[in-house]
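Fold and contact review
Each chain, letter by letter, is given below.
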Amino acid sequence: MSFVFLVFSFFLNLNGENMRKIEPPVAKKIPYRLEKHGDVRIDNYFWLKDRDSKDVIDYLKAENKYTELVMKDYKKVEKQIYKELKSRIKEDYQTAPVKYKNYLYFKRYKKGKDYPIYYRKKIGLEKPELLLDVNDIAKDREFCHVSKVQVSPSQEILAYAVDYVGRRFYTIYFKDLKTGKMLDTKIENVTSNFAWSNDSNIIYYVKQDSETLRWQGVWKFNIKSKTTQKLYYEDDKTYSVYLTKSNSENYLFMTIDSTLTTEVRYLEPGSENEVFKIFRPRQKGLEYYVEDGGDRFFIRSNDNAKNFKISYVMKDENHTDKNLWKNLIEHNDSVLLEDMEVFKDWIVIMERENGLVNFRIIDRNNGGFSYIKFPDEVYSASFGENLEYETNYFRYEYESMVNPPSTYDYDFLNKNSILVKRKEVPNYNPSEYETKRVWISARDGVRVPLSILYKKNSSNDKLYLYGYGSYGYSIDPYFNSTLFPLVDRGFVYVIAHIRGGSELGRAWYENGRQLNKKNTFYDFIDATKALIELGYGKNGVFAEGGSAGGLLMGAIANIAPELYKGIISEVPFVDVLTTMLDESIPLTTSEYDEWGNPNIKEYYDYIKSYSPYDNIEKKCYPNILVTSGYNDSQVQYWEPAKWVAKLRDNNECDSFILLKMDMSSGHSGKTGRYKYLEDIAFNYAFVLNVAGIK
């Protein structure tokens, strides 16, 4: 029997059959031998890596058709959820204006339009000027992601980057704002990371490897002469590069980083004989980041400071010698220094303590400092767009799980926050909902924080947990209007701030990576059990995670499948061992510090002990929805495809395991604010299907 017949035979006799009796597609098995350190693994679905082959495409299409058939009875529910999601979007909306020199820059969203329209308004004038309508760029496109819309320092040329595939290869385009016409030049197949020279004649940009996608070097392009020059190439494949420009606009910083080590180089953009100078040579385990402060450089580093410290060095001193770096803020075991914004007279430090962000405001003239006070018990705060060096205002964003995002300007002189814009959310009453922080004990006694959202006076009998726990990324309790279709139906939504993030400092991250990675999974499982003991989830427990959070979902499905009624795993990194052994796969070599290098047997054995794909067994698995994008550059499409095939082959219960492969998108899914809602509506319809709610 041919493969194609095997795949499509399940369509022959569906009329009148019960949804759960629909036979899923069967992926053929072609044993492939993988051997390392004397250990042999047989991968029956390795053939799915053959991108663009007819067999692979046919199989993925069959999976999509099967998922569509299984969810057919919930199509009306999906449409209802989409309607609810859309009802909480203010369709005509304008963002808070951002000042840069003599203009105010902002975006508008118009009813029925998926994408933003960029404008600016000259200070003192009323009529705005149209800069870029992304709806025109995205017209008739399945996928369109516009990134880094940036005006030149002269404010006469607009540059922006576009990806039409989802593979994160961008083309940089230029628009002459004096004439309103596009320039007849572009830079193709690059990243979206670029910066202007101060004379507005040059674009500095980062280029990636065509196969591994590593951000490997910096080039510059002269718009007038249309010439390109390579400025730097990083030979070490475990490092990547990215560019930032100082608030002062006097320096272009190139940060060369691996997971745990950085080196900063700098140049004065547009100067003669442009060469990146080394700020301080790389040293294994030393992470540092530099900002310009006029007569001195400010440095955030982990030099004998696990949670980082802030130092400075005068520009006439030898900054390569870190013994000359003078401490401004000392290390604190309980406070993580996450970021900083440097202004002419002020510095703002983003600190994180007990999982929550605080802003320390430092007066550079007298060294005094104060903090911005926030009203909620559980909240999210972040830096806003701060484009000017000489200013008495600091822009920041604030929100909580019940309070919509708000943009504030903090007045350094008067020490008060001025509300600039609060996002309007139609059909939403914050007084109907409540959020709180709960701490639970993991199996090793460590206390893990949870952020909880629920509706007052509701049944709250179903539990929906979200987790990530990798790369030191902190998942903040932010406002998400897309949660309310579930919360309004009695779901309690929980963010588990598990180890592997940095919510409780750098040690929180280190205790959830490499040879401590299983703590991430155990924390999530123990949080689930503790919440059940507290009375949550009486009518079902569901879990969601994406990318590295998809790895988390794969791990909990193997370790504690009995706890979960349903799992949503988005763009999941589940074939960890095989991927980390293949240096040709995008981003592999740069992540050895995160997962460990399996070419070393100790790491090989540990990764193999938890890798979701390698630990599938014959047993009952919960209902699982797996979503992915065929053009995904971060987690290749074949990982979720292989995982689903193997899960289904080993599942001993009647739970259904679905794959939804978007054939025209990448890691971040659909673009456009309406198309994005379609994915969420489908996911929630799956949850309600499993929960038996219509």
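About the thresholds
Residues numbered from 1 in each chain as written. Predicted model: local features only at pLDDT ≥ 70, side-chain atom pairs only at ≥ 80, totals over all residues. Heavy atoms only, no water. Helix = DSSP H or I, 4+ residues; strand = E, 2+ residues; numbered from the N terminus. Expected span 1.5 Å × (residues − 1). Contact = heavy atoms within 4.5 Å. Pairing = 2+ DSSP bridges. Axes fitted to C-alpha atoms, helices over the stretch in contact; angles between N-to-C directions. Buried < 20%, exposed > 50% of the residue type's maximum accessible area, 1.4 Å probe, protein only. Polar contact = N/O pair within 3.5 Å; in protein donor to acceptor, adjacent residues only side chain to side chain. Phe/Tyr/Trp six-rings, centres within 6.5 Å; stacked < 30°, edge-to-face > 60°. Lys NZ or Arg CZ within 6 Å of the ring centre and 35° of its normal. Salt bridge = Lys/Arg side-chain N within 4 Å of Asp/Glu carboxyl O. Disulfide = S-S within 2.5 Å. Left-handed = near helix turned anticlockwise from the far one by under 90°.

1. Here's the deal with helix 3 (residues 75-87)
Taking 1.5 Å of rise per residue, 13 residues should cover 18 Å, and helix 3 covers 18 Å from first to last C-alpha, within 8% of that figure. At its buried positions, helix 3 is contacted by helix 5 (484-487) and helix 13 (673-691).

2. Some points on the sheet that holds strand 30 (residues 406-411)
Sheet strands line up and pair through hydrogen bonds in the backbone, either parallel or antiparallel. Strand order across the open sheet formed by four strands is 28-29-30-31, with antiparallel pairing between neighbours. The open sheet is flanked by strand 28 (380-383) and strand 31 (416-422), the only strands paired with a single partner. Strand-to-strand twist of the sheet, defined as the mean angle between neighbouring strand axes without regard to direction, takes the value 30°. Pairing of strand 29 (residues 393-399) with strand 30 involves six bridges; the strand directions are antiparallel. Its bridge partner lying in strand 30, Y393 is registered against D411.

3. Details of the environment of K54
Inspection of the secondary structure assignment puts K54 in helix 2 (residues 54-70). On the accessibility criterion, K54 (57% relative accessible area) is exposed. Here the side chain of K54 touches D58 through a polar contact of 2.7 Å, side chain to side chain.

4. Describing the sheet that holds strand 12 (residues 194-196)
Taken in spatial order, the four strands make up an open sheet running 12-13-14-15, and their pairing is antiparallel. The sheet terminates laterally at strand 12 and strand 15 (227-233), the two strands that pair on one side only. Within the sheet, the average angular offset between the axes of one strand and its neighbour, ignoring direction, is 20°. As judged from the seven bridges shared by strand 13 (residues 202-208) and strand 14 (residues 215-222), these two strands associate in the antiparallel manner. Bridging across to strand 14, Y204 finds its partner in K220.

5. Quick word on the packing of aromatic side chains
The geometry of two aromatic rings is summed up by the distance between their centres and the angle between their planes. For the coordinates displayed, the defined rule picks out 51 aromatic pairs. Seen in terms of ring centroids, F359 and Y396 are 5.6 Å apart; in terms of plane orientation they differ by 65°. Their pairing is edge-to-face. Of this pair, F359 sits in strand 26 (residues 356-363) while Y396 is found in strand 29, placing the two residues 37 residues apart along the sequence. Taking relative accessible area as the criterion, F359 reaches 0% and is therefore assigned buried. Judged by its relative accessible area of 2%, Y396 falls in the buried class. Taken together, the ring pairs in this structure connect F343, W346, F359, F374, Y379, F383, F394, Y396, Y398, Y408, Y410 and F412 into an aromatic cluster. Its guanidinium or amino end placed over the ring of Y674, K86 lies 4.9 Å from that ring's centre, counting from NZ or CZ. Residue placement shows R108 over the ring face of Y119; its charged tip is 4.8 Å from the ring centre.

6. Examining helix 8 (residues 548-559)
With twelve residues, helix 8 extends 17 Å from end C-alpha to end C-alpha; this agrees with the ideal 16 Å at 1.5 Å per step. Here helix 8 lies mainly inside the structure; eleven of its twelve residues are buried. Among the residues making up helix 8, those that are buried are A548, G549, G550, L551, L552, M553, G554, A555, I556, A557 and N558.

7. A short note on the pattern of salt bridges
Inspection of the entire model under this criterion finds 46 salt bridges. For K642, the salt bridge identified is with D43, shortest N-O distance 2.7 Å. Linking K642 in helix 12 (residues 638-650) with D43 in strand 2 (residues 39-43), this pair joins segments that are 599 residues apart in sequence. The pair formed by K642 and D43 is uniform in burial state, with each residue classed as buried.

8. Topic: the state of the cysteines
Applying the stated criterion to the full structure yields one disulfide. The disulfide partner of C620 is C653, and the S-S distance across this bridge is 1.7 Å. Between C620 and C653 the sulfur-sulfur dihedral comes to about 65°; the bridge is accordingly right-handed. A residue pair is termed long-range when its members are at least 10 positions apart, and C620 in the loop between helix 11 (601-610) and strand 38 (623-629) and C653 in the loop between helix 12 and strand 39 (657-662) qualify at 33 residues. Residue C620 is classed as partly exposed on the basis of its relative accessible area, which comes to 36%. Judged by its relative accessible area of 33%, C653 is partly exposed.

9. Points about the packing of helix 2 against helix 12
In the contact formed by helix 2 and helix 12, the axes pass within 12 Å of each other and the chain directions differ by 60°. Helix 12 is crossed by helix 2, and the crossing has left-handed handedness. Facing Y59, L60, E63 and Y66 of helix 2, the residues of helix 12 in contact are A641, V644, A645 and R648.

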